[in-house]
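Inside the fold
In case you want the letters, here they are:
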Amino acid sequence: MARVNGQIWETRPLEFWDRAKELRAGWEQSAESKEKIVGQGHGAWAGAFPAITIIEDNPRGSTIAAKDMPFARTARLASEVRGWGRELCGYHGVLWGCQFLGQNPDGTPFNNRKLVVPMPATCDQHTKRGIQCRDFEPVPQWQGDATVYVGENDFDREVEMVNHRVYNELKMINDIERIFGQKFDEDAMREIVGLYSKVAEYRAEIFMMQMNTPAPLSAKDLYSFYTLGGRLTIDPVELEKFWKLVRDEIRWRVDNKIAAVGTERFRFLEAHPPQYSFLKYYRYLEQYGAVCVGSQYTNFTAAVYERKPNGEVAQRETNPPRRQIGIEEFKTREDLFRRTPELNIRGPGGFKSDENHRPYALNEFADMYHCDGAFFWVWRCGVGCTMTRKEQAIRLRRAGYSVLTYEGSAPGDPTDLDEKRFLEQLDAWMETNNLVKYEN
Amino acid sequence: MIIAGIDMGMENVKVVIMENGQIRGRGKNLSGGAKRASAAEKALEEALKEAGMGKDKLEKIIATGKGKFDLPFADRCVSEAVTTAHAAKLLCPEATTAVDAGADETVVVTLGTNKLVDEMAINEKCAAGPGIFLRTIARRLELTMEEMNELPPVKPEGPRVNDGCVVFAETDALSLLNWGASPKDIAAAATDAAAVRVCTAINDITGTKLNCAVLFGGLAKNAAFVNALQHYAKLNFVIPDEAEYAGAIGAACAGVNA
């Protein structure tokens, strides 16, 4: 392999990359399926309704914004004139704009949503998701409650909260069967739950391996494929095969010290998604030898780690603990829904809503992933994303990490991004860490 | 080693010629808008003249400031955070924190022992341009920059302008003027608002090293602003004589080992 200036570690392209691109392209083709009842929202359960597909706003909106910026701008404007201002997450502005314009970026008619299932979350942007579809034309909406509370861990309370969410979801499934005349396929759901559990294990292992130096993956890599199977609903069998492939390759890279960034000498973390129209800032920072090892958004969706009393790093216990039983023991529909990951309250994925853990999570992240610094986007939108961000920056600074914050409008909306000023601030951040840019 | 440091700011370009850590010459010019390079060359000529040397004696030219990339004749560009720290080490060796409040940007650094900079904070977008804001307000109120230095303290019951956004602040100032408030009271309120915004960057520093703070930048010359900033930051700033040239001095110092 050709070496670049400042190269410390051997680096190689990711071999699973082509497969990731195939899966992503397949999702993009099938996302706006004309043959299915298209819903907007969130939920792996949709795979158990053969005639229904669910599209989540984030990946669809960000994909459109990344591929066709002029159209995305037109779509956001269509949302703005309907009263959705720039405090709205850019992803939604773009996707909702498609609905207001009545067309997809390729000019084909927009497939109006027939049902909406906003994500149950503390983030106001996630919970807003159904509003405009439901207002555009009368379609059913199921709004799950976010299982959140403030205070010390309370096991009994959490059991009741899980019960509440399970019954919410069971009612939704019954309603969908009744309204759309569709049969919920429990065998298919059993398979989905089993495969997704395996995927979760692979992902947890991958993100654990990401703690190694050099990092086998960079955040820029992760943002290209980590949504496969999470935010992007694809065939669960193919999904399981894909993540196994990724896990195996990352193991090999760690064993052989193959770096994502050959110049790695400064590791930093992020908290939430980057400006998708300007991902080249990761490449810019690589010229200084800086690599982003991940974010709460990427690495914590698989598992939240913690340092145990004996000093080991391991997955944080879910609370209430997941029942460690085999998939074949799921006898009823209720059993299956108790197993779905979004029902965990203070476990993986709960980093946004767990107010006991959230303020300290990034310090633990920085410690476990051997970071030197942190970079935080402070978004104009998305209260759930940016809430407590500046406080977290101060907490990290107090712990000795070098932190830079930068403001923008939203990951999917580059309106407020001053690229020149942003790069200059990155220069300042790197230079104050005694890092000089390698000449290309 | 003879080095020219150039601070290509948004309002003014400042140049120093330094030889072995001593300032030999200084030059200053308006930043020249789109003609920054020629404005900087003119200031460089002035500095060289004061130093009594020709351009051929310069071993390096180091640029900093918002317009640093517009100077093709510079050997290297250095970020403002680094030059602020270098200038503090030279001009006020006992300083633990340095603040540079200029026309466009506010930079705060705490000085390290094992490395040059411990912590760094740069103003948020809405807190940009405090110097330009005050110059604009002075023009609106028909006050000179000298008059902007000598403003009455802001009274609790007196006029106030928005301290989160310069656009709102300017609108408030015009409204107050139409209602008959005195230009000096409005200017004092605007200065107070600028100090609040600059202070947001200081607040980002975790506060462990704020015991001896030095203030640089064009705003360090404005006594009314300094008083207001000291009030909000709860600090007593050391302001060296060369405060306005600190960026250029820091650039020249950064060039020594570059």
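Residues numbered from 1 in each chain as written. Chains lettered and ligands numbered in written order. Predicted model: local features only at pLDDT ≥ 70, side-chain atom pairs only at ≥ 80, totals over all residues.

What about the overall build of chain B?
Short version of the rule: The helix count covers DSSP runs of H or I at least four residues long, the strand count covers runs of E at least two residues long, and both are numbered beginning at the N terminus. Radius of gyration here is computed from C-alpha atoms only, and the compact-globule reference equals 2.2 Å multiplied by the residue count raised to the power 0.38. With C-beta atoms placed from the backbone, a contact is any residue pair whose C-beta atoms sit within 7 Å.
Helices and strands together make up the secondary structure of chain B, namely eight helices and 10 strands. The C-alpha radius of gyration computed for chain B amounts to 18 Å, which stays within 12% of the reference 18 Å derived for 258 residues, consistent with globular compactness. Judged by the C-alpha coordinates and their principal axes, chain B covers about 60 × 40 × 25 Å. When contacts within chain B are restricted to residue pairs at least 6 apart in sequence, long-range pairs at least 24 apart make up 70% of them.

Points about the nonpolar core
Spelled out, the test is: Here a nonpolar core is just a set of buried residues of the types Ala, Val, Leu, Ile, Met, Phe, Trp, Tyr and Cys, joined wherever their C-beta atoms sit within 7 Å. The exposure scheme places C-beta atoms from the backbone and then counts, for each residue, the other C-beta atoms within 10 Å of its own, assigning buried at 20 or more, exposed at 12 or fewer, and partly exposed in between. Domain extents, as shown, originate in an automatic or database domain assignment.
Ala374 of chain A together with Ile6 and Ala190 of chain B are the most contacted members of the largest nonpolar core, which has 182 residues in total. The biggest single contributor to this core is helix 6 (residues 183–203) of chain B, with 12 residues. Lining this core are residues from two domains, each supplying at least three of them: domain 1 (1–92 + 243–258) and domain 2 (93–239) of chain B. Dropping the residues within four chain positions of it, alanine 190 of chain B is found in contact with Leu134, Ile137, Val161, Ala169 and Ala173 of chain B.

Quick notes on the packing of helix 5 (residues 166–178) of chain B against helix 6 of chain B
Residue and element names in this part refer to chain B. Heads up, the condition is: Orientation is described by axes fitted as lines to C-alpha atoms, over the contacting stretch for helices, and by angles from 0 to 180 degrees between their N-to-C directions. Any angle from 65 to 115 degrees is called roughly perpendicular, while one under 35 is roughly parallel, one over 145 is roughly antiparallel, and all others are oblique. For a crossing to be left-handed, the near helix must be turned anticlockwise from the far one by less than a right angle; the clockwise case is right-handed. Under the scheme applied here, ten amino acids are nonpolar (Ala, Val, Leu, Ile, Met, Phe, Trp, Tyr, Cys and Pro), four are charged (Asp, Glu, Lys and Arg), and all others, including Gly, are polar.
One can describe the packing of helix 5 onto helix 6 by two numbers: an axis separation of 10 Å at closest approach and a directional angle of 165°. With respect to helix 6, the element helix 5 is oriented roughly antiparallel. For helix 5 against helix 6, the interelement crossing comes out right-handed. Residues Ala169, Ala173, Leu176 and Leu177 of helix 5 touch helix 6, and the partners they reach there are Pro183, Ile186, Ala190 and Ala193. When its residues are assigned to classes, the contact of helix 5 with helix 6 shows eight nonpolar, no polar and no charged.

Section: the interface of chain A and chain B
Counting residues at the interface gives 11 residues for chain A and 14 residues for chain B. Elements supplying a minimum of two residues to the side of chain A that touches chain B: helix 16 (389–398) and helix 17 (419–431) of chain A. Here the side of chain A that touches chain B takes five residues from helix 17 of chain A, the largest share from any one element. Tallied by class, the residues present in the side of chain A that touches chain B amount to two nonpolar, three polar and six charged.

What about the domain arrangement of chain B?
Note on interface size: it is often stated as the accessible area lost on association of the parts. All names here are of chain B. Looking at chain B, the domain boundaries give domain 1 (1–92 + 243–258) and domain 2 (93–239). One C-alpha centre belongs to domain 1, the other to domain 2, and the line joining them spans 24 Å. Each partner contributes residues to the interface: domain 1 has 19 residues there, and domain 2 has 26 residues. Where the side of domain 1 that touches domain 2 is concerned, the elements lending two or more residues are helix 2 (80–91) and helix 8 (246–256). Per element, the largest residue contribution to the side of domain 1 that touches domain 2 is nine residues, and it comes from helix 2. Split by residue class, the side of domain 1 that touches domain 2 holds 10 nonpolar, four polar and five charged.

Thoughts on the sheet that holds strand 7 (residues 290–295) of chain A
All names here are of chain A. Our working definition: Only when DSSP finds a minimum of two bridges between them are two strands counted as paired.
Strand order in the open sheet formed by four strands is 7-6-10-11, with parallel pairing between adjacent strands. In the strand order of this sheet, the two ends are held by strand 7 and strand 11 (402–408), each with one partner. Averaged over all neighbouring strand pairs, the angle between strand axes comes to 25°, with direction disregarded. Judged from the five bridges that link them, strand 6 (residues 266–270) and strand 7 form a sheet pairing that is parallel. Note that in strand 7 the partner of arginine 267 across the bridge is valine 291.

Remarks on the sheet that holds strand 10 (residues 237–238) of chain B
All names here are of chain B. Spatial strand order, 8-7-6-9-10: five strands in an open sheet with mixed pairing. The outermost strands of the open sheet, each flanked by one partner alone, are strand 8 (117–122) and strand 10. One ladder, built from two bridges, connects strand 9 (residues 213–216) with strand 10; its direction is parallel. Directly across from valine 214, in strand 10, lies its bridge partner valine 238.

Some thoughts on helix 1 (residues 36–51) of chain B
What counts is decided by this rule: Expected span of a helix: the number of residues minus one, times 1.5 Å.
Helix length check: helix 1 of chain B (16 residues) gives 22 Å between terminal C-alpha atoms against 22 Å at 1.5 Å per residue, within 8%. Within helix 1 of chain B the residues assigned to the buried category are Arg36, Ala39, Ala40, Glu41, Ala43, Leu44, Ala47, Leu48 and Ala51 of chain B.

Comments concerning the environment of lysine 198 of chain A
One can find lysine 198 of chain A in helix 8 (residues 186–209). Considering only alpha carbons, one finds lysine 198 of chain A and proline 216 of chain A, 18 residues apart in sequence, at a separation of 21 Å.

A word on helix 10 (residues 236–255) of chain A
Side chains of residues three or four places apart in an α-helix project in the same direction, reflecting 3.6 residues per turn. All names here are of chain A. The criterion, for reference: Relevant arc is that of directions from the helix axis to the C-beta atoms, nothing else.
In this model, helix 10 (20 residues) spans 28 Å end to end at C-alpha, consistent with the 28 Å of a helix rising 1.5 Å per residue. Here helix 10 has its buried residues at Pro236, Leu239, Phe242, Trp243, Val246, Ile250 and Arg253. Down the axis of helix 10, the sector holding all buried residues measures 115°, keeping them to one side. Residues of helix 10 that are exposed and angled more than 90 degrees away from the buried face: Val237 and Asp255.

Some thoughts on the pairing of strand 3 (residues 22–30) of chain B
Residue and element names in this part refer to chain B. Inspection of the sheet shows strand 2 (residues 12–19) paired to strand 3 by eight bridges, in the antiparallel sense. When the sheet's bridge partners are listed, valine 16 is paired in strand 3 with arginine 26. The hairpin turn running from strand 2 into strand 3, its antiparallel successor, is two residues long, and asparagine 20 in that turn takes a positive phi close to 50°.

Some details on the confidence of the model for chain B
The test is simple: In predicted models, pLDDT denotes the confidence assigned by the predictor to each residue on a 0 to 100 scale.
Across chain B, the average pLDDT comes to 93, with 99% of residues at 70 or higher. What the predictor reports for the complex is a pTM of 0.90 with an ipTM of 0.91.

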